[in-house]
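# Topology and contacts: notes
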Amino acid sequence: MHVGFYDIYAIMAFGKNKDQVTTRGIGLGGNLQVYKDFGAIVELVRETQLTGKTYDLGVRTELTTIKPLLKYTIGKSVSIFGGPTFNMFNSKYINAVKTYDLGKTFYYGAIIGVKMDLVALFSKNT
């Protein structure tokens, strides 16, 4: 969920997968209109694991993602976006005696999607 102004906003994330792993995250994002219907988006999100089998064993994980994206706006409420993602996965093992750093893993990927502005979609133009 994005909350804020069009140009800068807060990101709140919550997820659960088929293995019953639950995560929550927070972040920041921003839009920059480059030319007419073309723009850029930059988002930074940090997610933390809350439940799951590895969590029950004492492993704590965090995922930090940076997404520099390009977008094309169709009308006032729909945009298509895409670009690379840069990720850092950090984990540690916690037990009663000591905390062990399990290290960081860096990887990259890609994302493509459609974004709808529900307020603009359902509001009347005056």
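In this report, the structure presented in the accompanying data block is examined. Keep in mind it's a predicted model, so treat the numbers as computed, not measured. (Residues numbered from 1 in each chain as written. Predicted model: local features only at pLDDT ≥ 70, side-chain atom pairs only at ≥ 80, totals over all residues. Heavy atoms only, no water.)

Spatially, the 7 strands line up as an open sheet ordered β1-β2-β3-β4-β5-β6-β7, and their pairing is antiparallel. Here the strands that pair on one side only, and so sit at the sheet edges, are β1 (2-4) and β7 (99-116). Averaged over all pairs of adjacent strands, the angle between strand axes in this sheet comes to 20°, irrespective of strand direction. Across 9 bridges, the pairing between strand β2 (residues 8-16) and strand β3 (residues 22-35) is antiparallel. Bridging across to β3, Lys 16 finds its partner in Thr 22. (Pairing = 2+ DSSP bridges. Helix = DSSP H or I, 4+ residues; strand = E, 2+ residues; numbered from the N terminus. Axes fitted to C-alpha atoms, helices over the stretch in contact; angles between N-to-C directions.)

Moving on: the pattern of salt bridges. By the definition in use, this model includes 3 salt bridges. Of the charged contacts in the structure, one is a salt bridge between Lys 67 and Glu 43, with a shortest N-O distance of 3.3 Å. Note that Lys 67 is positioned in strand β5 (residues 59-74) and Glu 43 in strand β4 (residues 38-51), a separation of 24 residues in sequence. Judged by relative accessible area, which is 17%, Lys 67 ranks as buried. Note on Glu 43: relative accessible area 7%, which makes it buried. Glu 62 is the partner of Arg 46 in a salt bridge, and the nearest nitrogen-oxygen pair spans 2.4 Å. With Arg 46 in strand β4 and Glu 62 in strand β5, this residue pair connects regions lying 16 residues apart in the sequence. (Salt bridge = Lys/Arg side-chain N within 4 Å of Asp/Glu carboxyl O. Buried < 20%, exposed > 50% of the residue type's maximum accessible area, 1.4 Å probe, protein only.)

Alignment of strand β6 (residues 78-94) against β7, held across 17 bridges, turns out to be antiparallel. In the sheet register, Ser 79 faces β7, and the bridge partner there is Lys 115. From the end of β6 to the start of β7, which pair antiparallel, there are 4 residues.

Applying the stated criterion across every chain yields a total of 2 aromatic pairs. When the centroid spacing of 5.0 Å and the interplanar angle of 50° are considered together, the rings of Phe 38 and Tyr 72 count as tilted. Placement of Phe 38 in strand β4 and of Tyr 72 in strand β5 is noted, with a sequence separation of 34 residues between them. Look at Phe 38 and you get partly exposed, because its relative accessible area is 46%. (Phe/Tyr/Trp six-rings, centres within 6.5 Å; stacked < 30°, edge-to-face > 60°.)

Once that is clear, we can look at the environment of Ala 96. Looking at where Ala 96 falls in the secondary structure, it is placed in the loop between β6 and β7. Linking Ala 96 and Glu 62, residues 34 residues apart in sequence, is a C-alpha distance of 20 Å.

Another aspect to go through is the environment of Leu 50. Its place among the elements puts Leu 50 in strand β4. With a relative accessible area of 25%, Leu 50 lands in the partly exposed category. With 35 residues separating them along the chain, Leu 50 and Gly 15 place their C-alpha atoms 9.9 Å apart. When residues no more than four places from it in sequence are discounted, the contact partners of Leu 50 are Thr 22, Thr 23, Arg 24 and Tyr 55. (Contact = heavy atoms within 4.5 Å.)

The phi torsion at Gln 20 lies on the positive side, around 65°, for a residue other than glycine. Structurally, the position occupied by Gln 20 is in the loop between β2 and β3. Judged by its relative accessible area of 46%, Gln 20 falls in the partly exposed class. The residue Lys 36 is not glycine, and still its phi comes out positive at about 40°. One can find Lys 36 in the loop between β3 and β4.

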